[in-house]
Amino acid sequence: MALLEADKVSRSFVAGKNRSLALPEVSLVVEPREFLVISGPSGAGKSTLLNLLGGLDRPSRGEVRYGGQSLTAMEESQVALLRNSAFGFIFQTPHLLVDRTVAENISLPFHYGEPASKNNMDSRCRELLSYIGMADLADRYPDTLSGGEMQRVVFARALVRRPTLIFADEPTGSLDVDNSEKIMKLLQEQTRQGCTVVMVSHDPEAIRYGSRVLRLEKPPSPR
Ligand SMILES: Nc1ncnc2c1ncn2[C@@H]1O[C@H](COP(=O)(O)OP(=O)(O)O)[C@@H](O)[C@H]1O
Ligand SMILES: [Mg+2]
């Protein structure tokens, strides 16, 4: 069975009397362990699509299914549980809690949904810190980190609950070449370990890592 499906989804936004089509109808199927890249020009609806697939937003039409289950028909609280247990998210700009250490930021998802023991949390956190090459920085605060380090912390936080699916929206967008490569290698490594990745990017270097590219075209305006 397909891991993730979008069945004729579209999204429009209404502001006053105006209705704008952010994402024209699209259907896609993501198989387990795929590394799908969604690319295309700015404004094509890439982020909108990623948010629909990750259950952060709901389509105006059509349906998103995860493991055959309709996300679109689910209560918001159920979607939130699913997101926390099965999905990991990385966005272009790393958002970390400024008054929490690196280790605390990574462990954050443990404090929602299924409870985990302190031992499990600590050992998983240590494991990820060394995986991202930041074992010595566990007690640092975000404002003392470089942009690349912050993004690796976000990456570790996305992985802490061992998600089935990782959603990444322009994860290298704010990074230099070396740090971009680090993040992409970490993402690629995840697919080798059985994870599925859906990434939005228009960075040619990052796109190379994908196993398949879906290109969204910007719809002609006015829409
Ligand atoms: N919350 C929103 N309200 C109104 N319009 C939006 C909203 N989010 C996105 N859009 C519009 O939808 C289009 C696609 O946006 P987006 O998915 O962010 O594109 P991309 O990620 O490909 O650059 C853009 O024209 C954008 O202005
Ligand atoms: Mg975008």
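Let me sum up the structure you'll find in this document. (Residues numbered from 1 in each chain as written. Chains lettered and ligands numbered in written order. Predicted model: local features only at pLDDT ≥ 70, side-chain atom pairs only at ≥ 80, totals over all residues. Heavy atoms only, no water.)

Another aspect to go through is the overall build of the protein. A tally of helices and strands in the protein yields seven helices and nine strands. Its C-alpha radius of gyration of 18 Å places the protein within 12% of the 17 Å reference for a compact globule of 223 residues. Projected onto its principal axes, the C-alpha positions of the protein cover 50 × 35 × 35 Å. Taken across its 223 residues, the protein has 50% of its residues classed as buried. Pairs at least 24 apart in sequence give 72% of the contacts found in the protein among residues at least 6 apart. By element, 49% of the accessible surface of the protein is carried by carbon and sulfur atoms, the whole surface being about 11,200 Å². Distance from the positive charge centre (27 side chains) to the negative charge centre (27 side chains) of the protein: 4 Å. (Helix = DSSP H or I, 4+ residues; strand = E, 2+ residues; numbered from the N terminus. Rg over C-alpha atoms; globule rule 2.2 N^0.38 Å. Buried < 20%, exposed > 50% of the residue type's maximum accessible area, 1.4 Å probe, protein only. Contact = heavy atoms within 4.5 Å. Areas by Shrake-Rupley, 256 points an atom, 1.4 Å probe, with all protein chains shown as cover. Lys, Arg positive; Asp, Glu negative; His and termini not counted. Charge placed at Lys NZ, Arg CZ, Asp CG, Glu CD.)

Under the criterion given, the structure shown has 14 salt bridges. A salt bridge links Glu-76 to Arg-83; the nearest nitrogen and oxygen atoms lie 3.4 Å apart. You can call Glu-76 partly exposed: its relative accessible area is 42%. For Arg-83, a relative accessible area of 18% translates into the label buried. The partner of Glu-205 in a salt bridge is Arg-208, with the nearest N and O atoms 2.9 Å apart. (Salt bridge = Lys/Arg side-chain N within 4 Å of Asp/Glu carboxyl O.)

What follows deals with the site of ligand 1. Around ligand 1 lies a shell of eleven residues, among which Ala-22, Gly-43, Lys-46, Ser-47 and Thr-48 are the nearest. Between Gly-43 and ligand 1, the recorded distance is 2.7 Å, taken from a backbone N or O atom to an oxygen atom. Here ligand 1, which alone exposes 560 Å², has 58% of that area covered by the protein. Per-element accounting of the shell around ligand 1 gives the leading share, three residues, to helix 1 (residues 46–53). A class-by-class count of the residues in the shell around ligand 1 yields four nonpolar, five polar and two charged. (Near = heavy atom within 4 Å. Polar contact = N/O pair within 3.5 Å; in protein donor to acceptor, adjacent residues only side chain to side chain. Nonpolar A, V, L, I, M, F, W, Y, C, P; charged D, E, K, R; others polar.)

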